[in-house]
Amino acid sequence: MFKKAVTLISSLAVGLLCITGCSQDVSEGKKTSEKKLDKVTIAEVAHSVFYAPQYAAITQGFFEEEGIDIDLINAQGADKTMAALISGEAQVGLMGPEASIYVYNQEEENYAINFAQLTKRDGSFIIAREEMPDFKYEDLKGKEILGGRKGGVPLMTLEYVLKQNGLTIGENTKAGEVNVRTDVQFGVMTGAFVGGEADFTTAFEPTGTAMEKEGTGYIVASVGQDSGEIPYTVYCATKSFMSENKDLIQRFTNAVYKGQLWVQSASSEEIAKAMQPFFDDMSLDDLISVADRYKEIDAWCQEPTLKEESLNKLMEVMTEAGELDKKPSYSDIVTTDFADKAIKSID
């Protein structure tokens, strides 16, 4: 489904434009100077506190310092995020690098190149219907869990963790297999679970915390903590846009790195306050709790470099999931030029 969608949209792709506009200071809600800023639209795979360094880079003014005005759109899924990127609706995509691998393997001419990594672990959590303080993965035997879209990293890392814990994935729950369902779309998994679908689900923050407050679900395990480091979400741009806008991509990467550095030294309360304009339906206390949770599992990258060994780990997970039959060259779908320059110029 993903491959067909990308092929269809890529055939309709239009030229990408970098337009200018007047920036707005998110934290203050006031217009800044008359200086014209380059407008960049980021298509997010999801809107999540998981991407705290990005939101901090916006509210702390790091993108503005680099002459960039950010517009965010929530694409709700890597397939839709990649479609927005290829069609020109967005100039930068924030998603798992598996999406760029799929597109490259289709021999798409204007494929996506990954240039900055944001998170280094799976940011999803396993949600149960009841509190399970002594949860063990064997508790999933004979149960159903909503796992996400087939071919997506959330599903593949979940299945990887289940297998690493000696579980068998299948549909025969009576025989003790775990039925990992892929028939419920990512954006509606929480609603389906609350409505009675499956015994467990996976969810990102702040959804997990919200479910706990409502009493509709309880976090029992971190998929990212148990799967190990993996290049989970990265920034990418199409080959043509990157070629024509190298200075803009460099300034964008500089701002991301500043956000990463800031988050490393900031307290959970400071991080929560920096994110609050993007999550105004959550209390400050809840945002602090979520920041603590992601700090605890070491979810955020300290620098934007996507390393070859990390990409190889991802492709290992994809291969084990049966979703990858050809591994692209690291140098074809990744560039570290912008990350390397950002680190040298800012450190």
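Scroll up to find the structure.
What this report covers is the structure whose coordinates are included nearby. (Residues numbered from 1 in each chain as written. Predicted model: local features only at pLDDT ≥ 70, side-chain atom pairs only at ≥ 80, totals over all residues. Heavy atoms only, no water.)

Now for the packing of helix α8 (residues 207-214) against helix α13 (residues 284-296). As a packed pair, α8 and α13 sit with axes 10 Å apart at the nearest point and diverge in direction by 125°. With respect to α13, the element α8 is oriented oblique. In this structure, α8 meets α13 at a crossing whose hand is right-handed. For the pair formed by α8 and α13, the contact residues are Thr-209, Glu-212 and Lys-213 on the first element and Asp-286, Val-290 and Arg-293 on the second. Looking at the contact of α8 with α13 residue by residue, the class counts come to 1 nonpolar, 1 polar and 4 charged. (Axes fitted to C-alpha atoms, helices over the stretch in contact; angles between N-to-C directions. Helix = DSSP H or I, 4+ residues; strand = E, 2+ residues; numbered from the N terminus. Parallel < 35°, antiparallel > 145°, perpendicular 65-115°, else oblique. Left-handed = near helix turned anticlockwise from the far one by under 90°. Contact = heavy atoms within 4.5 Å. Nonpolar A, V, L, I, M, F, W, Y, C, P; charged D, E, K, R; others polar.)

In this structure, Phe-63, Phe-115, Tyr-235, Phe-252, Ile-271 and Tyr-294 are the most contacted members of the largest nonpolar core, which totals 91 residues. Ranked by the residues each element gives to this core, the list is headed by helix α11 (residues 246-265), at 7 residues. Among all residues touching Phe-63, those that are not within four sequence positions of it are Gln-54, Ala-57, Ile-58, Ile-68, Ile-70, Phe-252, Ala-255 and Val-256. Membership of the second largest hydrophobic core comes to 17 residues, among which are Ile-126, Phe-135, Tyr-137 and Val-223. (Core = buried A, V, L, I, M, F, W, Y, C linked by side-chain atoms within 4.5 Å. Buried < 20%, exposed > 50% of the residue type's maximum accessible area, 1.4 Å probe, protein only.)

Our focus in this paragraph is helix α5 (residues 98-105). Taken across its 8 residues, α5 has 7 buried, putting it largely inside the fold. Inspection of α5 places Glu-98, Ala-99, Ser-100, Ile-101, Tyr-102, Val-103 and Asn-105 among the buried residues, and these make up the whole buried set. A positive phi of about 65° marks Glu-107, the residue just after α5.

Keep in mind these numbers describe shape, not what the thing actually does.
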